[in-house]
Amino acid sequence: MPSRSLFATQFYEGRIDDADLIAEVEASVRALAEDDRAGRGWSKANGYRGYTSYASLDDLPVRDPVFADLKRALDKHVAAFARDCAFDLGGRLKLDSLWVNVLKPGGTHSGHIHPHSVVSGTVYIAVPPGSGALKLEDPRLPMLMAAPGRTDDAPEPLRPFVYAEPAVGSVFLWESWLRHEVMPNAAKSDRISVSFNYRM
Ligand SMILES: [Fe+2]
C-alpha cells in the first residue's frame, strides 16, 4: 500500500492484576471521600458530581502506603509507555501529582488537557457497567477545517474521536497534551478512578 501513517499519537492500555491492591485502593478512596472535607467542599463548589482530591490533597503516596504501592505499579507502566513513545529522557519520568475521583451517576468531566506534564493517565478501581468511556480527540481537530468526516468503518488511527472502555484494573496512559473527556456515568453506582501526571 503506497500510503503510510505519520505523526503517531500513542495510547497505552495496561492492567494492574493485583486484586488485593485494587480493593485496598478502593477502601482508601472511600475513606478519603468521607474524611476530606476540603476536597468535598471543592468538588461541590466546582460542580464536580461526586468527590475528587484533585485540589485538596497533594501527598497521597506519602500519606497512605496503599498509594505508595499503587505508585510503584504505575511507575513501571509509565516507564514502558515512555519506551513505546521513544522519549529521549536521560532518566525516568517522575510522579508529579496523583488524585482520586469518585464520580457519581450522571457525573462527567468535559474535554481538557493536563498542562506542565509529560505523561498523564488513569487507573480504574470501580467500573460499574455503563459508567462511561474515556473519549480521546484527534489533537489536529482545529486544523482540519474543510476535511471530510471519516466513514463508519474507518481504521482507528484515522478516526477523529476514539472511546477507550476501561475495566477494573485498567491503566490508561497518554501524552499530557492529548485532549480527553470523561463520558457521563450512566451506571447506577459510583465510578472510582485514580488519575496522575508524570513529569521530566
Ligand atoms: Fe484528565
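Here is a short report on the structure shown in this document. Small disclaimer: the values here were computed from a predicted structure and weren't measured.

A short note on the packing of aromatic side chains
- Taken as a whole and assessed by the stated rule, the structure comprises seven aromatic pairs.
- With a centroid separation of 5.9 Å and an interplanar angle of 65 degrees, the aromatic rings of tyrosine 12 and phenylalanine 81 are classed as edge-to-face. Pair noted here: tyrosine 12 is in strand S1 (residues 11–15) and phenylalanine 81 is in helix H4 (residues 65–84), with a separation of 69 residues, a long-range link.
- Residue class for tyrosine 12 comes out buried when judged on its relative accessible area of 14%.
- Accessibility expressed as a relative area gives 1% for phenylalanine 81, which makes it buried.
- Plain terms: the ring middles of phenylalanine 196 and tyrosine 198 are 5.9 Å apart, the flat faces sit at 90 degrees to each other, and that makes the pair edge-to-face.
- On the accessibility criterion, tyrosine 198 (0% relative accessible area) is buried.
- One residue, lysine 135, lies across the ring of phenylalanine 161, its end atom 4.4 Å from the ring centre.

Comments concerning the sheet that holds strand S9 (residues 180–182)
- With respect to topology, four strands assemble into an open sheet ordered S4-S9-S6-S7, the strand pairing being antiparallel. Every other strand in the sheet has two partners, leaving strand S4 (109–112) and strand S7 (161–164) as the edge strands with one partner each. Direction aside, neighbouring strands of the sheet carry axes that sit 15 degrees apart on average.
- Here strand S6 (residues 134–137) pairs with S9 via three bridges, running antiparallel. In the sheet register, leucine 134 faces S9, and the bridge partner there is valine 182.

About the thresholds
- Residues numbered from 1 in each chain as written.
- Predicted model: local features only at pLDDT ≥ 70, side-chain atom pairs only at ≥ 80, totals over all residues.
- Heavy atoms only, no water.
- Phe/Tyr/Trp six-rings, centres within 6.5 Å; stacked < 30°, edge-to-face > 60°.
- Helix = DSSP H or I, 4+ residues; strand = E, 2+ residues; numbered from the N terminus.
- Buried < 20%, exposed > 50% of the residue type's maximum accessible area, 1.4 Å probe, protein only.
- Lys NZ or Arg CZ within 6 Å of the ring centre and 35° of its normal.
- Pairing = 2+ DSSP bridges.
- Axes fitted to C-alpha atoms, helices over the stretch in contact; angles between N-to-C directions.

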